Amino acid sequence: MHFSKRGHDVHALDNYLRRRAHREQATDSLIPILESLPARAKAWKEVAGLDVGVTEDNICEYEVVERLVQQFEPDTIIHYGEMPSAPYSHKTREHAAFTQYNNVVATLHVLFAMAEHAPDAHLVKLGTMGEYGTPNIDIEEGFIQVHHNGRSDTLPYPKQPGSWYHLSKVHDSHNIQFASRIWGTRATDLNQGVVYGIETEETKLDPRLATRFDYDEVFGTALNRFCLQAVIGHPLTVYGRGGQTRGYLNIVDTMRCVELAALNPPAQGEYRVFNQFTEQFSIVELAELVQKAGAEYGLPVEVEHLDNPRVEREEHYYNAAHTKLLDLGLEPHFLSETLIESMLGIIEKHRERVIPELIRPKTRWRAVRERQPALE
């Protein structure tokens, strides 16, 4: 919708993986997403007068990707089509294998279709800041200057991902860089931080165009969980000591970052990395922000520290560069600009849909879980 409204011809491809994963977990988005992709495109046509082409299919099938690239002849391919949850990837061996297969194979199919049928197109790929982990040095944007035994080189920044899901993204990054090197593919890897916010100017036009709001322990981010917990009177579930620090950005800035990347493509054969976030917060700092916003909203908010279900450093150094998108013209929105308050208000409108028993963590990194079939 964002690109359609700005005069671009757009075709969307989806296989509803996220919806199937929620059915498997007996969870759902707090904000109902009831319409199919074609129905949402029809709603967009009704309210905006603009067309978005749609295909309901799976990019893990190469013929699907090849056919669509041949027919649509894209200038830019924006690739978000992956399983996006670290906890999901740790539920069982099957879930870990599904995550790696789905994400890595799908990206390989996009790369091969580009090389064979759209060699001048630009791939904008959703990466993650989680690829870097939490090293005890500053995190650069994709590459680092290395001096070793009297010689120097610019090399990919070392990756220390914290989950099978984040590791799949590392594999993607390596494959995309390799394709750029051997095939001359243009590619931008958007190492995205945690996205917050519920609405964009497009989703506000009609309830049928709403975006997801996940709050469960598998798909919900810490900030989403905290905001919902504040509304329903549940203590904020801080994992461990809460010193885990990450980068965050507003959903409106997410759209702008993707747009800036698409409108400013790299040179042929160039693989570049943008660290896509605007602010850094620890989990405890997020809890304090939500607690403060809750008090202003008239909500008594308590904080509860839980045993951390994950294997991660709970207190660590974190300083990541994020200047490239700012240099292209990004004008950030900040968490302090009443976004939490606006999130609380929207959550309040849908609080009857909350399933409280799905909030507390059940997936543990070290536990051997009961066998469950992952998505086919």
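Residues numbered from 1 in each chain as written. Predicted model: local features only at pLDDT ≥ 70, side-chain atom pairs only at ≥ 80, totals over all residues. Heavy atoms only, no water.

1. Here's the deal with the pattern of salt bridges
Reasoning step 1: The full count for this structure, using the stated rule, is 22 salt bridges.
Reasoning step 2: With a closest N to O distance of 3.4 Å, Asp-51 and Lys-45 form a salt bridge.
Reasoning step 3: Accessibility expressed as a relative area gives 56% for Asp-51, which makes it exposed.
Reasoning step 4: In this structure, the salt-bridge partner of Lys-159 is Glu-131, at a minimum N-O distance of 2.9 Å. Here Glu-131 lies in the loop between strand S4 (122-128) and strand S5 (143-148) and Lys-159 lies in the loop between strand S6 (151-156) and helix H7 (164-183), a separation of 28 residues in the sequence. (Salt bridge = Lys/Arg side-chain N within 4 Å of Asp/Glu carboxyl O. Buried < 20%, exposed > 50% of the residue type's maximum accessible area, 1.4 Å probe, protein only. Helix = DSSP H or I, 4+ residues; strand = E, 2+ residues; numbered from the N terminus.)

2. Observations concerning the side chain of His-109
Reasoning step 1: Topologically, His-109 is positioned in helix H6 (residues 93-117).
Reasoning step 2: With a relative accessible area of 16%, His-109 lands in the buried category.
Reasoning step 3: The contacts of His-109, once residues within four sequence positions are left out, are Ile-59, Cys-60, Glu-61, Tyr-62 and Val-65. (Contact = heavy atoms within 4.5 Å.)

3. Digging into the environment of His-90
Reasoning step 1: Following the sequence through the fold, His-90 ends up in the loop between helix H5 (86-89) and H6.
Reasoning step 2: Spatially, the C-alpha atom of His-90 lies 32 Å from that of Arg-256, the residues being 166 residues apart in sequence.

4. So, the sheet that holds strand S8 (residues 194-196)
Reasoning step 1: Read across the open sheet, the three strands follow the order S8-S10-S12; overall the sheet is mixed. Both outer strands of the open sheet, S8 and strand S12 (279-282), are each paired with one neighbouring strand and no more. The mean inter-strand angle of the sheet, taken between neighbouring strand axes irrespective of direction, is 45 degrees.
Reasoning step 2: Of the pairings in the sheet, the one linking S8 to strand S10 (residues 245-250) comprises three bridges and is parallel in character. (Pairing = 2+ DSSP bridges. Axes fitted to C-alpha atoms, helices over the stretch in contact; angles between N-to-C directions.)

5. Quick notes on the packing of aromatic side chains
Reasoning step 1: By the definition in use, this model includes five aromatic pairs.
Reasoning step 2: With 5.9 Å between their ring centres and 65 degrees between their planes, Tyr-248 and Phe-281 make a pair best called edge-to-face. Here Phe-281 lies in strand S12 and Tyr-248 lies in strand S10, a separation of 33 residues in the sequence. We note that Tyr-248, like Phe-281, is buried. (Phe/Tyr/Trp six-rings, centres within 6.5 Å; stacked < 30°, edge-to-face > 60°.)

6. What about the nonpolar core?
Reasoning step 1: Counting 35 residues, the largest nonpolar core has Phe-213, Phe-226, Cys-227, Leu-228, Leu-286, Val-290 and Leu-335 as the members making the most contacts within it.
Reasoning step 2: When contributions to this core are tallied by element, the ones reaching two or more residues are helix H8 (222-232), strand S9 (236-239), helix H10 (283-296) and helix H12 (339-349).
Reasoning step 3: At seven residues, the largest contribution of residues to this core is made by H8.
Reasoning step 4: If you look at the next biggest cluster of nonpolar residues, it comprises 27 residues, including Ile-77, Met-129, Ile-176 and Phe-277. (Core = buried A, V, L, I, M, F, W, Y, C linked by side-chain atoms within 4.5 Å.)

7. So, the packing of H6 against H7
Reasoning step 1: Two elements in contact, H6 and H7, have axes whose closest approach is 9 Å; the angle formed by their N-to-C orientations is 20 degrees. When the interaxial angle is binned, H6 and H7 end up roughly parallel. For the element pair H6 and H7, the recorded crossing hand is right-handed. Of H7, the residues touching H6 (which contributes Ala-96, Thr-99, Gln-100, Asn-103, Val-104, Thr-107, Leu-108, Leu-111, Phe-112 and Ala-115) are Trp-164, Tyr-165, Leu-167, Ser-168, His-171, Asp-172, Asn-175, Ile-176, Ala-179 and Trp-183.
Reasoning step 2: By residue class, the composition of the contact of H6 with H7 is twelve nonpolar, seven polar and one charged. (Parallel < 35°, antiparallel > 145°, perpendicular 65-115°, else oblique. Left-handed = near helix turned anticlockwise from the far one by under 90°. Nonpolar A, V, L, I, M, F, W, Y, C, P; charged D, E, K, R; others polar.)

8. Some points on the layout of surface pockets
With a probe scaled to a water molecule rolled over the atoms, the places where space remains empty come into view.
Reasoning step 1: By volume, the second largest pocket is sized at about 330 Å³.
Reasoning step 2: Along the wall of the second largest pocket there are 25 residues; nearest its centre are Glu-199, Thr-200, Glu-201, Asn-250 and Val-252.
Reasoning step 3: It is helix H9 (residues 251-263) that contributes the most residues to the lining of the second largest pocket, six residues altogether.
Reasoning step 4: Of the residues assigned to the lining of the second largest pocket, the class counts are seven nonpolar, eight polar and ten charged. (1 Å grid on protein atoms, 1.4 Å probe; cavity = no way out; pocket = protein on both sides within 12 Å on 5 of 7 lines; lining within 4 Å. Points joined across faces, edges and corners; volume = space filled by probe spheres on them.)

9. Quick notes on the sheet that holds strand S11 (residues 271-276)
Reasoning step 1: Here we have four strands laid out as an open sheet, ordered S3-S4-S7-S11, and parallel in their pairing. Because the sheet does not close on itself, it has two edges, and the strands there are strand S3 (76-79) and S11. Shown here is a sheet whose adjacent strand axes are inclined to one another by a mean of 20 degrees, direction ignored.
Reasoning step 2: Inspection of the sheet shows strand S7 (residues 186-192) paired to S11 by six bridges, in the parallel sense. For Ala-187, the partnering residue across the bridge sits in S11 and is Tyr-271.
Reasoning step 3: Packed on one face of the sheet, H9 meets S3, S4, S7 and S11 and runs near 145 degrees to S4.

10. Digging into H7
Reasoning step 1: The terminal C-alpha atoms of H7, which comprises 20 residues, lie 28 Å apart, in line with the 28 Å expected from a rise of 1.5 Å per residue.
Reasoning step 2: Where H7 is buried, its residues meet H5, H6, S4, S7 and S11.
Reasoning step 3: Two or three places before Tyr-165, at the start of H7, stands the capping residue Ser-163, its side-chain oxygen 3.3 Å from that residue's backbone nitrogen.
Reasoning step 4: Phi turns positive one or two residues past the end of H7, at Gly-184, with a value near 80 degrees. (Expected span 1.5 Å × (residues − 1). Polar contact = N/O pair within 3.5 Å; in protein donor to acceptor, adjacent residues only side chain to side chain.)

11. Comments concerning empty space enclosed by the protein
Reasoning step 1: The full count for this structure, using the stated rule, is three cavities of 30 Å³ or more.
Reasoning step 2: Taken as a whole, the largest cavity spans an internal volume of roughly 70 Å³.
Reasoning step 3: Gly-142, Phe-143, Pro-156, Lys-159, Ser-173, His-174, Gln-177, Asn-191, Tyr-271 and Val-273 are the residues that line the largest cavity.
Reasoning step 4: Contributing elements (two or more residues each) for the lining of the largest cavity: H7 and S11.
Reasoning step 5: In terms of residue count, the dominant contributor to the lining of the largest cavity is H7 (three residues).
Reasoning step 6: Looking at the lining of the largest cavity, its residues break down into four nonpolar, five polar and one charged.

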